[in-house]
Amino acid sequence: MPNFIDLAAAGRAGLRAILDEAHRRKAARAGLPKGTPDADAPLAGHVLAAIFEKPSTRTRFSFDVAMRQLGGSTIVTGANDMQLGRGETVADTARVLSRMVDCIMLRCATHATMEELGDVAGVPVINGLTDLTHPCQAMADMMTVEERLGRPVETTCWAWLGDGNNMAHSLIEAASVMGFELRVGVAHGYDPDQAIVAMAEARGGNIDLLHDARAAVDGADVVATDTWVSMGQPGPKDKLAAMAKFQVTPALMAAAAPHAVFLHCLPVHRGDEVTAEVIDGAQSAVWDEAENRLHVQKAILLWCLGKIG
Ligand code: CP
Ligand code: NVA
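Residues numbered from 1 in each chain as written. Chains lettered and ligands numbered in written order. Predicted model: local features only at pLDDT ≥ 70, side-chain atom pairs only at ≥ 80, totals over all residues. Heavy atoms only, no water.

Undergrad: I'd like to hear about empty space enclosed by the protein, residue by residue, with values.
TA: Applying the stated criterion to the full structure yields one cavity of 30 Å³ or more. Roughly 40 Å³ of volume is contained in the largest cavity. Along its surface, the largest cavity is lined by Ile-51, Leu-84, Val-90, Thr-93, Leu-106, Thr-113 and Leu-117. Within the residue set of the lining of the largest cavity, elements represented by two or more residues are α3 (90–98) and α4 (111–120). (1 Å grid on protein atoms, 1.4 Å probe; cavity = no way out; pocket = protein on both sides within 12 Å on 5 of 7 lines; lining within 4 Å. Points joined across faces, edges and corners; volume = space filled by probe spheres on them. Helix = DSSP H or I, 4+ residues; strand = E, 2+ residues; numbered from the N terminus.)

Undergrad: Break down the site of ligand 1 for me, with residues and values.
TA: The local shell around ligand 1 consists of Ser-56, Thr-57, Arg-58, Thr-59, Arg-107, His-134, Gln-137, Cys-265, Leu-266 and Arg-293. Between ligand 1 and Cys-265 there is a distance of 2.8 Å, counted from a nitrogen atom to a backbone nitrogen or oxygen. Taking 260 Å² as the accessible area of ligand 1 by itself, protein coverage stands at 95%. Across the shell around ligand 1, the residue classes break down as two nonpolar, five polar and three charged. (Near = heavy atom within 4 Å. Polar contact = N/O pair within 3.5 Å; in protein donor to acceptor, adjacent residues only side chain to side chain. Areas by Shrake-Rupley, 256 points an atom, 1.4 Å probe, with all protein chains shown as cover. Nonpolar A, V, L, I, M, F, W, Y, C, P; charged D, E, K, R; others polar.)

Undergrad: Tell me about the side chain of Asn-292, residues and numbers included.
TA: If you trace the backbone, Asn-292 turns up in helix α12 (residues 286–304). Among the polar contacts made by the side chain of Asn-292, one reaches the side chain of Thr-144 at a distance of 3.0 Å. If we ignore the near neighbours within four places in the chain, the residues touching Asn-292 are Lys-26, Ala-140, Met-143, Thr-144 and Glu-147. (Contact = heavy atoms within 4.5 Å.)

Have a look at this one:
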């Protein structure tokens, strides 16, 4: 059964199957209490291990509630509460957990740790964020854009502003797999990983790397940003100064399409990467985006466990 570590490995058909399932399941359970299982409870009897080496609100709650709604259950734990935290290897952890659970979700710093878990585990591994990528969030972002704009993500144009970080990397990957246009507007010195950009371009991705916020957002359907200082990163003062021109303001939103949607994976630092007027304003879809983590996670779990796609 497949891992969900890199969007490209799932391919366009896989990502489309996940998005369609997420939309369908969200609509089908409208109005139900959040802990009520979906009518078909497709993962009844299944257990997910959700392991966190870094803090999380959305990923932690969405995976746990996703499993409940699919009829299964979750064991949520911090990596430091496991023997992993005192030196048991990732490979041995993978071997043991694979005997006890049906799927493993990990949030960790080093992407190689995620890949090692995926290589050794005998059950699917889901990437709940590394320092390099955040694919589950990119899926929720695409779902939210389809909901708000009422058209397939493939037909949309996105602007990313600020830091060339893990979220930027997953959106670059998403754009190149699904075939939507992405302008990456980042401060000098904070470009996204060159290998990720090169792989996206090799896939035929329409990725424009710019260092000008106004040019990036010009007429875009989607304006997305993230914290300027990611978890575990040093936050030098000169970085914040370099980022200042990429703050999402009402004036920048006015340069995007009139119907443009604002996205942020959260948590947000109002007054840094985005003004309060924008994130709390009518064009912001951030609360739907956070809720959609739940719906898309359910579809990712079903895809990993061979129930869809
Ligand atoms: N967006 C996101 O992944 O949030 P958490 O860090 O709260 O999980
Ligand atoms: N880029 C952020 C995303 C948080 C969900 C981080 O890694 O901290």
